[in-house]
Each structure stands twice: as C-alpha cells, then as structure tokens.
Amino acid sequence: MEHLTIPEGYSSPLTIRETEVAIKEVKDYFERALAKSLHLTRVSAPLFVRPESGLNDNLNGVERPVSFGIKEQDDAPAEIVHSLAKWKRYALKHYNFHSGEGLYTDMSAIRRDEDTDNIHSIYVDQWDWEKVISKEERNTETLEYTVRKVFSALKETENYISRRYNYIEPLLPDDIFFVTSQELEDMYPDKTPKQREYLIAKAKKAVFISQIGKELASGEKHDGRAPDYDDWDLNGDIIVYYPVLDIALELSSMGIRVDEDSLARQLKLADCEDRAKLPFQKSLLNKELPYTVGGGIGQSRICMYYLRKAHIGEVQSSIWPEEVLQCAREHGIQLL
C-alpha cells in the first residue's frame, strides 16, 4: 500500500495506555534536556497569524495554509501556522531577549497538502526554538556547535528512555557526522537526494546535512527551503537511521537565520522579491530584528524513534485514509 509500510514481524511492545505514558516521559525529559543544553526559556506561541504579517512559514512555497475568517473582526482572515520560524525572531525582540539567550515553545500546525505515510501526518507538533547570536557568530563554527548541543539532548533522552524500557537499545552514535549537500551529491552523484540521505544515515547513524535550499552543481536542489528564514549557506537537517522502517528519519531542521544581505540575495534567487514589502521581511532588511539561530524538532518524530514505533499515528492522534486504518488494524499497528 502506497500510504503504509508494514515492517516484517512488527508488533508494539507497549499497549496504547503504556504508549501514552511513555510519550509523556519522552516529551518531558527531552524538553528539559533541550532547554538546559541551549539555555532556553519556554514561552507561549500563536496557533494562527494574519496572512499580511508575513510571519507564516512558506515552507517550499507551494503548501496551502488552512485559513478562516474571524467573526468579530468582520471576517478578517487568519492562517493556521505552518511553523513559527519567523514569529520566534520577532518574539525574541518583543520579549527583550539578549545575545546568548533563547526561547522555545510547543508548536502545533496543520499541513493540509502533506502526503501522509508512516512518518508524515497532516498534524505537525514540534518544539520550535530560537536563540539570539551576534552578527560575528553567523558562521559554520556556531552552527556545528549548536547542532552538537541539540544532538546531546537527543542522545541523553535516548539513554534515559532505554533505561526506562528494557526493549529499547540505544541507536545514536557518540557524535553526529557533518556533510554539506554538495559533498553528499559528490559522494553519490547517481542517486536522488532522498537516496543519498538514506545511504549516509545508514553509514553514520546520525548526520547533519547542511546548505539546503541552494542550487547544487548538478543544477538541482537537495531540498526546498523558504528564502526568508534560513540562510541557505548556514542551515541543515539532523537525520538518523531508523532500522524499524529501514529509512533515514529527519528529526530536526535548523540553521542560522538570514541577515539583511542573505535575505535580499535569497529573495532574488527565489524570484519573490515582493516579500520584501511585508512587515517581517522589511524589519529584517532594516536591521530591526536580532540575528539568531533556531530550528524545529518533531515531537511525534522523536517519540516514534525512541519508542521504536512503525507509524507516527502510534504516537499522535490524526486523520488517516480508511484503507490505512484497516491495514494498520490487520497488522497490529495501533493508531491513536
């Protein structure tokens, strides 16, 4: 079935109720570990924003946000967020955060155009985080240092959960491997980007693939990125090998955010310079917002990974095609 992969011999070691308890343990522990590792303060965040604010994440530029009219405001439109990549940077200034300080929040989103499968859902839940840095810190050294901080929280959480549940053997290596998207294309020139991710993740177990969004020597892109939040030279994805499904599993997308120069350059490359007139983008170009590094970490993704689940629907409640629901029931996959 196109929407569902059934691992041979799969059965969940936990009942649904036991899984719900374990989900809470994973989320509580990782949230504390991440906040401690990066010196982050938890804040509240919006579920929806005004479309004219420019604050919504445009993702790859083709996904349609869910929108609705607000009755008491003459049906003025609002959009459910795709992510909080831009809002966080505004919040850091508004809440008076300084260099070396950061925030994180629980983000819930609806991605109506997602093609669902074992690891994709139309419901997205993640920890969105952002930290103030200086302009001088906008470099590869800062990026790799921050990636290792996030990875240390991931590894610490896996060690904790493996002690709590004896069926879980730690999978993460001691350190994460770094590679650029161009280096990866050079290594596997005859492979697709997704095939390259699988090969390097299986070889290294945990990898950070950087410089995503820019054009490669082949003329293709490793993957799409909106031009107005990540700097395409200073971003990337944390990807791990997941043996339950024999796949490369992305746990986090993160990066150093655009400054005024990289924003102008990327808007031009993406042929969307009209966005420069939006309030958020205009603030960036006028140097009114702090320089930052930040990212998102999938909550359901890490629960699925740590608890060795075959489907993301085993750790979150969402809506699935009827044929997927039936096939899951027949093969012991307990969708919430």
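Residues numbered from 1 in each chain as written. Predicted model: local features only at pLDDT ≥ 70, side-chain atom pairs only at ≥ 80, totals over all residues. Heavy atoms only, no water.

An unreviewed UniProt entry lists the protein chain under the name Aspartate--ammonia ligase, with Ruminococcus hominis given as the organism. UniProt, in its Catalytic activity (unreviewed entry) section for the protein chain, records the words "L-aspartate + NH4(+) + ATP = L-asparagine + AMP + diphosphate + H(+)". You can read under Sequence similarities (unreviewed entry) in the UniProt record for the protein chain the words "Belongs to the class-II aminoacyl-tRNA synthetase family. AsnA subfamily." (UniProt positions renumbered as here; feature names shortened; annotations may be inferred.)

(A) Fine view of the sheet that holds strand E9 (residues 230-242). The sheet built from eight strands is open, its strands ordered E1-E5-E6-E11-E10-E9-E8-E7 with mixed pairing. Among the strands making up the open sheet, the edge pair consists of strand E1 (40-42) and strand E7 (177-180). For this sheet, the mean angle separating the axes of adjacent strands, direction not counted, is 25 degrees. Contacting strand E6 (123-133), E7, strand E8 (206-210), E9, strand E10 (247-257) and strand E11 (291-298), helix H3 (residues 140-164) crosses the sheet at an angle of about 135 degrees to E10. Across the sheet, helix H6 (residues 260-269) lies against E9 and E11, angled at about 80 degrees from E9, the strand it touches most. (Pairing = 2+ DSSP bridges. Helix = DSSP H or I, 4+ residues; strand = E, 2+ residues; numbered from the N terminus. Axes fitted to C-alpha atoms, helices over the stretch in contact; angles between N-to-C directions. Contact = heavy atoms within 4.5 Å.)

(B) Structural detail: the sheet that holds strand E4 (residues 76-80). One open sheet holds the three strands; their spatial order is E2-E4-E3, and the pairing between them is antiparallel. A strand with exactly one partner marks an edge of an open sheet, and here the two such strands are strand E2 (48-49) and strand E3 (67-70). Relative to E4, E2 is paired through two bridges, and the arrangement is antiparallel. Bridge pairing in E4 places Phe-48 opposite Ile-80.

(C) View of the nonpolar core. Ranked by size, the top nonpolar core spans 59 residues in total, and within it Trp-129, Val-150, Leu-154 and Ile-302 carry the most contacts. The element contributing the most residues to this core is helix H1 (residues 16-38), with nine residues. (Core = buried A, V, L, I, M, F, W, Y, C linked by side-chain atoms within 4.5 Å. Buried < 20%, exposed > 50% of the residue type's maximum accessible area, 1.4 Å probe, protein only.)

(D) Representation of the pattern of salt bridges. Here the structure, examined in full by the defined rule, presents 27 salt bridges. Across the salt bridge formed by Asp-233 and Lys-214, the nearest N and O atoms sit 2.6 Å from each other. Taken together, the residues Asp-233 in strand E9 and Lys-214 in the loop between E8 and E9 connect sequence positions 19 residues apart. A residue is classified by how much of its surface remains accessible, and Asp-233, at 33% relative accessible area, is partly exposed. With a shortest N-O distance of 3.6 Å, Glu-322 and Arg-329 are connected by a salt bridge. Per residue, the accessibility class of Glu-322 equals that of Arg-329, and both read exposed. A single network of salt bridges, built from pairs that share partners, joins Lys-88, Asp-128, Glu-130, Asp-230 and Arg-257. (Salt bridge = Lys/Arg side-chain N within 4 Å of Asp/Glu carboxyl O.)

(E) Looking closely at empty space enclosed by the protein. Under the counting rule described, the total for this entry stands at one cavity of 30 Å³ or more. In this structure, the largest cavity encloses a volume near 30 Å³. If you go around the largest cavity, the residues you meet are Arg-89, Asp-259, Glu-260, Leu-284, Lys-287, Leu-289 and Tyr-291. Residues belonging to the lining of the largest cavity are distributed by class as follows: three nonpolar, no polar and four charged. (1 Å grid on protein atoms, 1.4 Å probe; cavity = no way out; pocket = protein on both sides within 12 Å on 5 of 7 lines; lining within 4 Å. Points joined across faces, edges and corners; volume = space filled by probe spheres on them. Nonpolar A, V, L, I, M, F, W, Y, C, P; charged D, E, K, R; others polar.)

(F) Up close: the pairing of E10. Of all 11 residues in E10, eight are buried; the element is thus mostly enclosed. Here E9 pairs with E10 via nine bridges, running antiparallel. Bridged to Asp-230 within E10 is Arg-257. With antiparallel pairing between neighbouring strands as the criterion, E9 and E10 make up a hairpin whose turn holds four residues, including Asp-246 at a positive phi of roughly 55 degrees.

(G) How the structure looks around unusual backbone geometry. Despite not being glycine, Gln-211 shows a phi value in the positive range, around 60 degrees. Structurally, the position occupied by Gln-211 is in the loop between E8 and E9. One non-glycine residue with positive phi stands out, namely Asp-271, at about 55 degrees. For Asp-271, the location among the structural elements is in the loop between H6 and helix H7 (279-285). Judged by relative accessible area, which is 69%, Asp-271 ranks as exposed.

(H) View of the layout of surface pockets. Roughly 1200 Å³ of internal volume is contained in the largest pocket. Taken together, 48 residues make up the lining of the largest pocket; nearest its centre are Arg-111, Glu-114, His-120, Glu-250 and Arg-301. Counting residues per element, the ones that place at least two in the lining of the largest pocket are E6, helix H5 (193-204), E9, E10, E11 and helix H8 (299-306). It is E10 that provides the largest number of residues to the lining of the largest pocket, a total of eight residues. Residues belonging to the lining of the largest pocket are distributed by class as follows: 16 nonpolar, 15 polar and 17 charged.

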